[in-house]
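Residue-level structure breakdown
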Amino acid sequence: MQHRNGMNSGSDSNGYRFRHRHRHKRAISVLDLKPGQRGRIVSLRGNQKIVQRLADLGLTPETTIHILRTAPLNGPIEIAVRGSRLAIGREIARNILVHAEEE
Amino acid sequence: MSSCHSHSSNKKSGSDNEEKADLTIALAGNANVGKSVIFNYFTGLHQHVGNWPGKTVERAEGSLHYKGYKIDIIDLPGIYSLSTFSIEELVSREYIAYEKPDVVINVVDACVLERNLFFTLQLIEMQVPLIIAVNMIDLAREKGIVIDEKKLSEILGVPVIPTIGIKGIGVNRLIEEAIRVAEGDLKAIPKKIEYGREIEDRIRKLEDYLKRIELPYPSRFIAIKLLEGDEEIREEIRRINEEIVEVAERYSKEIEEIHGEPCPVVISSERYAIASRIANETQKITPTKKTSLTDRIDNLITHKVLGYISMFLIMFFVFYSIFTFGDILSRIISGFFDALRPQNLGGYQEIFWEGAVGGFVAGVTLVLPYVLPFYFLLTILEDTGYLPRVAFMLDNLMHKIGLHGKAIIPMIMGYGCNVPACYSCRIMETQRDRLIAAFVITFIPCTARIIVILGLVATFVNVWWAFTLLLLDLIIILIMGRIAFKAIPGESMGLIMELHALRMPSPRVVITQTLSRLKTIIYIVFPSYIIGGVILAAMYSFNLLKPIETLLAPITVDWLRLPSIVSVLLLFGVVRKELVIIMPSILFGTTDLARIFTPTQMIVLSFITMIYIPCVATFTMLKREFGWKTALYITIFEILFAIALGGIFSRVIQFLFE
């Protein structure tokens, strides 16, 4: 794994939230991707337990994920990551930040 | 021969005789990898499912005799990690560290190798003798995935065996290799897997600090967990030496600064990088381009219109067929028992018969024709992978009611019987979500209550009122969910759920699961029926019922506007809800209930029966899963709620219709 040089970082009181300005330049929530699109994870925000859970399921920074579908009625999204498929509730998905990948 | 492993722990084994086991094997792996299928293959009927002491986590253990060896096997819960995310993970790692099984068989899904290896790497950090079963290689082959198990074995330093659990292929080989490992004939201590330099350096320094500490976990494992900020390990180490914890915290922050992510995320990322590298070196994927049939079905059931229509149709089909066939079967079985029953007993003896033996008979005539087929169909749906899609489609709606998306599954089960439904709440991760769901489930009309509604209202009033009651019940459920969400403290968790490919249900799995659910019912419901029945019969014999009837008359007659006998009926209903309509026939000697109740009274009585109290069996399950206090609170709440609402409802009907 490459080493990154120390960057400006700050953490929030309710979890880990790091602001690295160039990384977040075009970072959008995974909810903004459409089914069929791919994204590369930039960072995960939110509750520490959930962030860790997502990381343990394969959603780590620099990982490519593939949006499969969105449930109707503003429901969860289904994404493909590392060969498996995960359904993730909207509120949690909102906090997964990605860079959209060009087709 | 059997001398090697005198330390092999036998203390909590589920073996069915007291012989010491020659070796102990633990099965570990992600959920849904076919671990339990393999476990069942090993143990067959010689298995016992209980709980880990003091915890609501299932513990499945069994034993097997193979070529002269006695082997104890434990099926650890399906987990993704060895952190403190869930009790399942804690229980599993404590088992491995403290009980030191001779071999851990890590069952891995060949279709999702990379993700499964993430867990494998954590098992490797625990430095246990490991054998890897690469399962479902047939499904993988269909997807164009081929795994080179020799290469994998070389990289990890442990035996790797391809298996197809549901067909029993490779399963014997697993046992044989396990025996060889236990005997010392085969090496199975995994090779050390290294992280990046900056992490390894700090691990090494922590290991130095940990040299003097005696814990059942390997020091490398402890070091990594400390860096990850693992609460349990941190507490244990803090008690021994606070300085180490502080040093570890400092190291974590340093790693955070280097990588720009929280340390636990960094470590997970690196583990995945390693898992990915290993997967790439050992598997070959030739993508199959066709949109398979399963993909098309998936698209259908998650479609914004067709998805909900198909869901409705499937559920309708299930409920309709259960109640139609159930009714027929039930009559046959009841008829059979009626023929056996002595006629014209009258009075005491009839009550006793109805109480004790009737309890047993009721269990059979309710469970066999209705509940068993219902769970059979539901388990088929579950095994196809359909139910997670239902949770997917309904998550947002459930959220609005205050429930977790996954709660829909136990809620559907609640229509059969609340008892296994409450038990199934374990599929949710947090205790709060489980409790909210279980509370709501007690309002879901089980078979017994549906029988009351159909037998009383649909028969003697009209079908529309029966529907109205069920609809009212749904509204109450929606409201109760929101109230519970606000009232119950604790944390909830959003939906994070793996979706597996839809597949044909496996008969073996469906039957095992259905029987397992049946067992829950039998061990809790039948004793409740029989003991409760005897108590009620005794109360009748000792003339305790009349005083109760008189005592509660202000509530039943004045407030609820029902005949005073209702207090006795509802008391009987605590044991079995159907008794509410069976007892009048016995006590008044007529099956024409219209002679006892007015239409309004029937409606109100059915309404109250639906919501007034969890039956004894359900109470027992609630107590087991959530403790006495919670079970009592729920019970008292429901009694008061039903009485209040019953009186209001009674007056509303009379006002509107009379």
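Criteria and thresholds
Residues numbered from 1 in each chain as written. Chains lettered and ligands numbered in written order. Predicted model: local features only at pLDDT ≥ 70, side-chain atom pairs only at ≥ 80, totals over all residues. Helix = DSSP H or I, 4+ residues; strand = E, 2+ residues; numbered from the N terminus. Buried ≥ 20, exposed ≤ 12 C-beta atoms within 10 Å, placed from the backbone. Domains from an automatic or database assignment. Contact = placed C-beta atoms within 7 Å. Pairing = 2+ DSSP bridges. Axes fitted to C-alpha atoms, helices over the stretch in contact; angles between N-to-C directions. Parallel < 35°, antiparallel > 145°, perpendicular 65-115°, else oblique. Nonpolar A, V, L, I, M, F, W, Y, C, P; charged D, E, K, R; others polar.

1. Let's talk about the overall build of chain A
Helices and strands together make up the secondary structure of chain A, namely 2 helices and 6 strands. Counting from the amino terminus, helix and strand elements in chain A follow one another as β-β-α-β-β-β-α-β. Taking all 103 residues of chain A together, 39% fall into the buried category.

2. A short note on the domain arrangement of chain B
Residues and elements named next belong to chain B. The domain boundaries assigned to chain B delineate domain 1 (23-183), domain 2 (197-285) and domain 3 (306-492 + 508-657). Taken over C-alpha atoms, the centre of domain 1 sits 39 Å from the centre of domain 3. In this complex, domain 1 contributes 5 residues to the contact, which on the side of domain 3 involves 6 residues.

3. Quick look at the sheet that holds strand 5 (residues 103-109) of chain B
All names here are of chain B. Pairing within the open sheet is mixed, and its 7 strands lie in the order 2-3-4-1-5-6-8. Each having just a single partner strand, strand 2 (47-51) and strand 8 (160-162) make up the two edges of the open sheet. Adjacent strand axes in the sheet meet at a mean angle of 25° when their direction is disregarded. Bridge analysis of strand 6 (residues 130-135) against strand 8 gives 3 bridges, and the strand direction is parallel. Paired with A133 across the two strands is I161, which belongs to strand 8. Seen against the sheet, helix 3 (residues 113-125) touches strand 1 (23-28), strand 5 and strand 6 and runs at an angle of roughly 165° to strand 5.

4. Structural notes on the packing of helix 8 (residues 219-228) of chain B against helix 11 (residues 263-282) of chain B
Residue and element names in this part refer to chain B. Contact geometry of helix 8 with helix 11 gives a least axis separation of 7 Å together with a crossing angle of 130°. The angle between helix 8 and helix 11 places the two elements in the oblique class. Facing helix 8, whose interface residues are I224, L227 and E228, helix 11 presents C263, P264 and I267. Along the lines of polarity and charge, the residues of the contact of helix 8 with helix 11 split into 5 nonpolar, no polar and 1 charged.

5. A short note on the environment of I565 of chain B
Residues and elements named next belong to chain B. As for its position among the elements, I565 is in the loop between helix 22 (545-559) and helix 23 (566-575). When the C-alpha positions of I565 and G335 are compared, they lie 28 Å apart, and in sequence the two are 230 residues distant. Non-local contacts of I565, meaning those with residues more than four positions away in its chain, are made with E549 and L587.

6. Overview of the interface of chain B and chain A
The interface of chain B with chain A comprises 40 residues on the first partner and 41 residues on the second. Residue assignment for the side of chain B that touches chain A shows that the elements contributing at least two residues are helix 3, helix 10 (242-259), helix 11, helix 15 (386-401) and strand 10 (496-498) of chain B. With 7 residues, helix 11 of chain B is the largest single contributor of residues to the side of chain B that touches chain A. Taken together, the residues that form the side of chain B that touches chain A break down as 19 nonpolar, 12 polar and 9 charged. Sheet topology places strand 5 (residues 84-88) of chain A next to strand 10 of chain B; 3 bridges connect them, and they run antiparallel. Paired with I88 of chain A across the bridge in strand 10 of chain B is I496 of chain B.

7. A few points about the pairing of strand 4 (residues 69-75) of chain B
All names here are of chain B. Across the 7 residues that make up strand 4, a large majority, 5, are buried. Sheet topology note: the strand 1/strand 4 ladder contains 5 bridges and is parallel. Within strand 4, the position partnered with L23 by the bridge is I71. In this sheet, strand 4 lies alongside strand 3 (residues 58-66) in antiparallel orientation, the contact comprising 7 bridges.

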